[in-house]
Amino acid sequence: MPSAPASPNAPAIVARSALLKLTVTSSDDSLALRVTRRANHQLITGAGNVTATLDGHRVPLTAQLGGTYLLSLRGRDGGNQSLSVVVAHDGIRELLTGTVSLPRHRSMLDSLEGHGMAAWWVLNVAVILIAVLVISRHRK
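The structure presented is a predicted model; accordingly, all values stated were derived computationally and were not measured.

Basis of the calculations
- Residues numbered from 1 in each chain as written.
- Predicted model: local features only at pLDDT ≥ 70, side-chain atom pairs only at ≥ 80, totals over all residues.
- Heavy atoms only, no water.
- Helix = DSSP H or I, 4+ residues; strand = E, 2+ residues; numbered from the N terminus.
- Buried < 20%, exposed > 50% of the residue type's maximum accessible area, 1.4 Å probe, protein only.
- Areas by Shrake-Rupley, 256 points an atom, 1.4 Å probe, with all protein chains shown as cover.
- Polar contact = N/O pair within 3.5 Å; in protein donor to acceptor, adjacent residues only side chain to side chain.
- Pairing = 2+ DSSP bridges.
- Axes fitted to C-alpha atoms, helices over the stretch in contact; angles between N-to-C directions.
- Patch = residues over 30% accessible without salt bridge, like charges linked within 9 Å, V, L, I, M, F, W, Y side chains within 5 Å.
- Salt bridge = Lys/Arg side-chain N within 4 Å of Asp/Glu carboxyl O.

**Student:** Tell me about the overall build of the chain, and name the residues and values.
**Tutor:** Assigned secondary structure in the chain consists of two helices and nine strands. Helices and strands in the chain line up, N terminus first, as β-β-β-β-β-β-β-β-β-α-α. A burial count over the chain gives 31% of its 140 residues as buried. Just so you have it, the chain exposes about 9,100 Å², and 58% of that area is on carbon and sulfur atoms.

This is the structure in structure tokens:
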């Protein structure tokens, strides 16, 4: 049963089943996934017990010592994306699905637009300084 999208930097329950609960914490460069048994709140741990896909594409997970699985967000677009997690436990495999909200990555152009005219003046001055350096080296 899918839940509401996870908000950035706050742990959120993304999916539940009769036996398991999937909690996700988002940061700028990764998602931390925690899968717990609902009956006794015990974590599902161990490499290979949990696999994930993000918007239909398989993504690598890194098992951490505390029972958390890290999913790298490098090269991923921001916004709402579907997360599917397959968990192997107690001799069965269970699929948990939900939606996560990934942080949007700001480009250099976004930064310039956000700061308005001052950023354009700084950029223009930098271009002029580079041009002066190039011309002065050609004269030597």
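Structure shown, so let's carry the discussion forward.
**Student:** Go over the side chain of Ser101 with me, naming the residues and quoting the values.
**Tutor:** Mapping Ser101 onto the fold places it in strand β9 (residues 92–102). Owing to a relative accessible area of 19%, Ser101 belongs among the buried residues under this scheme. At 3.4 Å, the side chain of Ser101 forms a polar contact with the side chain of Asn80.

**Student:** I'd like to hear about the pairing of strand β8 (residues 79–89), residue by residue, with values.
**Tutor:** Across five bridges, strand β4 (residues 50–54) lies against β8 in antiparallel orientation. Paired with Thr51 across the two strands is Val86, which belongs to β8. Two elements, β8 and β9, share 11 bridges in a ladder whose sense is antiparallel. Each bridged residue has a counterpart across the sheet, and for Val87 the counterpart in β9 is Glu94. Joining the antiparallel neighbours β8 and β9 is a turn of two residues, in which Asp90 adopts a positive phi near 50°.

**Student:** I'd love a proper account of the sheet that holds strand β7 (residues 69–72), names of residues and values included.
**Tutor:** Pairing within the open sheet is antiparallel, and its five strands lie in the order β1-β2-β3-β7-β6. This sheet does not close on itself; its edge strands, each paired only once, are β1 (12–16) and β6 (61–63). Here the average twist between neighbouring strands, direction ignored, is 30°. By the bridge criterion, seven bridges tie strand β2 (residues 20–26) to strand β3 (residues 30–37) in an arrangement that is antiparallel. Bridge pairing in β3 places Val24 opposite Leu33.

**Student:** Which residues make up a nonpolar patch on the surface, and what are the values?
**Tutor:** Together, Met117, Trp120, Trp121, Leu123 and Val127 give the surface a local cluster of nonpolar side chains, amounting to about 550 Å² of exposed area. Relative to the helices and strands, Trp120 resides in helix α2 (residues 117–139). For Trp120, a relative accessible area of 37% corresponds to the partly exposed category.

**Student:** Just give me the short version of the pattern of salt bridges, but keep the residues and values in it.
**Tutor:** One pass over the full model with this rule turns up one salt bridge. Where Arg37 meets Asp90, a salt bridge forms, and the shortest distance between an N and an O atom there is 3.1 Å. Of this pair, Arg37 sits in strand β3 while Asp90 sits in the loop between β8 and β9, and the two are 53 residues apart along the sequence. Assessed through its relative accessible area of 61%, Asp90 is described here as exposed.

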